[in-house]
Amino acid sequence: MKVIVCKDYEDMSKKASEFVINYMMEKPQIKFGFATGSSPIGLYKNLIAAQKDGEISFKYAKSVNLDEYVGIDPSNDQSYSYFMHKNLFDHVAIKKENIHLPSAPEADEKYAEKYRKELEEFGQRDIQILGLGVNGHIAFNEPAEKLNKYASIVELDQSTIEANSRFFENEEDVPKYALSMGLAEIFDAKTIIVLANGKNKHEAVKRLLNDEKITTDLPCGLLNLHPNVYLFVDEEAYNG
Ligand code: GLP
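Residues numbered from 1 in each chain as written. Predicted model: local features only at pLDDT ≥ 70, side-chain atom pairs only at ≥ 80, totals over all residues. Heavy atoms only, no water.

A. Structural view of the site of the ligand. Close to the ligand lie 14 residues; Ser38, Ser39, Asp67, Arg166 and Lys201 are nearest. The contact in question runs from an oxygen atom of the ligand to an N or O atom on the side chain of Asn164, over 3.0 Å. In this structure, Lys201 approaches the ligand through a side-chain N or O atom, which is 2.6 Å from an oxygen atom. Isolated, the ligand exposes 390 Å² of accessible area, and the fraction of that covered by the protein chains is 95%. When its residues are assigned to classes, the shell around the ligand shows four nonpolar, seven polar and three charged. (Near = heavy atom within 4 Å. Polar contact = N/O pair within 3.5 Å; in protein donor to acceptor, adjacent residues only side chain to side chain. Areas by Shrake-Rupley, 256 points an atom, 1.4 Å probe, with all protein chains shown as cover. Nonpolar A, V, L, I, M, F, W, Y, C, P; charged D, E, K, R; others polar.)

This is the structure we're talking about:
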């Protein structure tokens, strides 16, 4: 894993976006795996600006997203689908038919099945963007005795519900289930970019970088096994 320690959120977003922009210049037909959450917003902003400046084009880019809450309509402003349109897709010239957003109106594995097929048809991603949960989750793969290889309906950890409640009016409004990409699918990406900022990510980052053993109670720890991971981490998350 390559670790790039950045001064702050802005610096992290800048360095990560430079990496992505360079990649897109070389390969305009890039296949992205996108993540939601506060971590990649700055990166997306920089990509929007780079397109505006004519540095990059999304004309041939394709994307698939990592996860989505169960039971939330895509038009709901808490949905990850809404997030992606608001923070990226509405501002770049990506073709509608090249955007793939998982959805699960209810906690039924048939939606996971559909998403698995979509991922297979989509093919290998060039770059997968990832954030980290405070508990070390990636996508919605929570610490557990066993982790899912493939896309599944998952139950959210209490710590995730608490962390994500900041986006909802009440904690009770946070969905209890999500549809999430599985570990094997995440690991299929050629390159993985992990973004981690803020003190509340320090514990996960510390364990990711220092734990001697890899265990499923720290899903991000498995990233140590992928040959091409870039961790862009700010000083707060790195030093605590
Ligand atoms: C959420 C998402 C993850 C995201 C993570 C971090 O629960 N499922 O995909 O990376 O938590 O979110 P944030 O970037 O807001 O800290």
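B. Fine view of the UniProt feature "domain: Glucosamine/galactosamine-6-phosphate isomerase" (unreviewed entry) in the chain. The feature "domain: Glucosamine/galactosamine-6-phosphate isomerase" (unreviewed entry), as given by UniProt, occupies residues 22-224 in the numbering adopted here. Helix makes up 30% of residues 22-224 and strand 16%, and the two end C-alpha atoms of the span are 24 Å apart. (UniProt positions renumbered as here; feature names shortened; annotations may be inferred. Helix = DSSP H or I, 4+ residues; strand = E, 2+ residues; numbered from the N terminus.)

C. How the structure looks around the sheet that holds strand 9 (residues 191-196). Read across the sheet, seven strands follow the order 1-10-9-6-2-3-5 without closing on themselves; strand pairing throughout is parallel. Strands with a single pairing partner mark the edges of an open sheet, and in this sheet they are strand 1 (2-6) and strand 5 (99-100). As defined by bridge partners, strand 6 (residues 127-131) adjoins strand 9 across five bridges and the pair is classed as parallel. Note on strand 9: the bridge partner recorded for Ile129 is Ile193. (Pairing = 2+ DSSP bridges.)

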